[in-house]
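So the chains spell out like this:
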Amino acid sequence: MLIVDLISDFRFPDAPAVYKAALPVARRIARLKQRARAAGVPVIYVNDNYGRWRSDLRQIVQHCSKATPAGAQMHSILGPAENDYGILKPKHSGFYATALDTLLQYIGAEKLIITGVSANQCVLFTANDAYVRDYQLCIPRDCIASPTSDGTRFSLRYFTAVLGADVRPSARVRLRR
């Protein structure tokens, strides 16, 4: 299970719109994450590095949870657990210039459950790169968000029509290791 860009300081131009869309999604992702962990499915936070090139996930979490009230609230809902994995990315895709593919091979992943924000940017680029690497994709429709509902709708159409992704609601996602 990938959680894309939900550890955030929410200090960017469209942050208020992203935060408003992400808050209800984060709560559903947290419930899906609990189910995934109970089923033994590894959870990987795939997150922007915010130009903090000497950081690791713990340092990014610490920065974001203290930077703004929005960052603190998101962390309280969906902060990483001690045994979750973390990948910091410099650009939109979780695969670009990261060790994500190596980690996924190491844990034997064949199917990815991709969640997070923004559906029409970082989730989309990560899903595209997963698709070309032959991963099966599940992108629960209620666990992604964009700054606008149009962006989310566009992404869902793309995920199904182009990537052949399963976009069933998170409550109906079957979890198994």
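Scroll up to find the structure.
Below is a summary of the structure that appears in this document. Everything quoted here is computed from the prediction, not taken from an experiment. (Residues numbered from 1 in each chain as written. Predicted model: local features only at pLDDT ≥ 70, side-chain atom pairs only at ≥ 80, totals over all residues. Heavy atoms only, no water.)

1. Side note on the overall build of the protein
So, step 1. The number of helices and strands found in the protein is six helices and six strands.
So, step 2. Reading the protein from its N terminus to its C terminus gives the helix and strand order β-α-β-α-α-β-α-β-α-β-β-α.
So, step 3. Scaling as 2.2 N^0.38, a compact globule of 177 residues should have a C-alpha radius of gyration of about 16 Å, and the protein matches this with 15 Å.
So, step 4. Sequence-distant contacts, at least 24 apart, represent 78% of the contacts inside the protein between residues at least 6 apart.
So, step 5. About 8800 Å² of surface is accessible on the protein, with carbon and sulfur atoms providing 50% of the total.
So, step 6. Here the protein holds 24 positive side-chain charges and 14 negative ones, and the gap between their average locations is 6 Å. (Helix = DSSP H or I, 4+ residues; strand = E, 2+ residues; numbered from the N terminus. Rg over C-alpha atoms; globule rule 2.2 N^0.38 Å. Contact = heavy atoms within 4.5 Å. Areas by Shrake-Rupley, 256 points an atom, 1.4 Å probe, with all protein chains shown as cover. Lys, Arg positive; Asp, Glu negative; His and termini not counted. Charge placed at Lys NZ, Arg CZ, Asp CG, Glu CD.)

2. Focus: the packing of aromatic side chains
So, step 1. For the structure shown, the criterion picks out four aromatic pairs.
So, step 2. When the centroid spacing of 5.1 Å and the interplanar angle of 80° are considered together, the rings of Phe10 and Tyr19 count as edge-to-face.
So, step 3. Chaining the aromatic ring pairs together yields one cluster made of Phe10, Phe12 and Tyr19. (Phe/Tyr/Trp six-rings, centres within 6.5 Å; stacked < 30°, edge-to-face > 60°.)

3. Looking at the nonpolar core
So, step 1. With 33 residues, the main nonpolar core has Met1, Ile3, Leu6, Ile29, Met74 and Leu78 as its most contacted residues.
So, step 2. Looking at this core, the elements with two or more residues in it are α1 (15-38), α2 (57-67), α3 (69-78) and β4 (111-117).
So, step 3. Among the elements that make up this core, the one with the highest residue count is α1 (11 residues).
So, step 4. Those residues within four positions of Met1 in sequence are excluded, and the remaining contacts are Ile29, Leu32, Lys33, Ala36, Val41, Pro42, Val43, Ile44, Ile113 and Thr115.
So, step 5. Residues Val4, Ala130, Tyr135 and Ala165 belong to the second largest nonpolar core, which totals 27 residues. (Core = buried A, V, L, I, M, F, W, Y, C linked by side-chain atoms within 4.5 Å. Buried < 20%, exposed > 50% of the residue type's maximum accessible area, 1.4 Å probe, protein only.)

4. Quick word on the pattern of salt bridges
So, step 1. The full count for this structure, using the stated rule, is nine salt bridges.
So, step 2. Put simply, Lys89 and Asp5 hold a salt bridge, and the shortest N to O gap is 3.0 Å. Residue Lys89 is located in strand β3 (residues 85-89), and its partner Asp5 is located in the loop between β1 (2-4) and α1; the two are separated by 84 residues in the primary sequence.
So, step 3. Looking at Lys89, the relative accessible area reads 1%, which means it is buried.
So, step 4. Given a relative accessible area of 7%, Asp5 falls into the buried group.
So, step 5. Between Arg133 and Asp101 there is a salt bridge, with the nearest N and O atoms lying 3.7 Å from each other. (Salt bridge = Lys/Arg side-chain N within 4 Å of Asp/Glu carboxyl O.)

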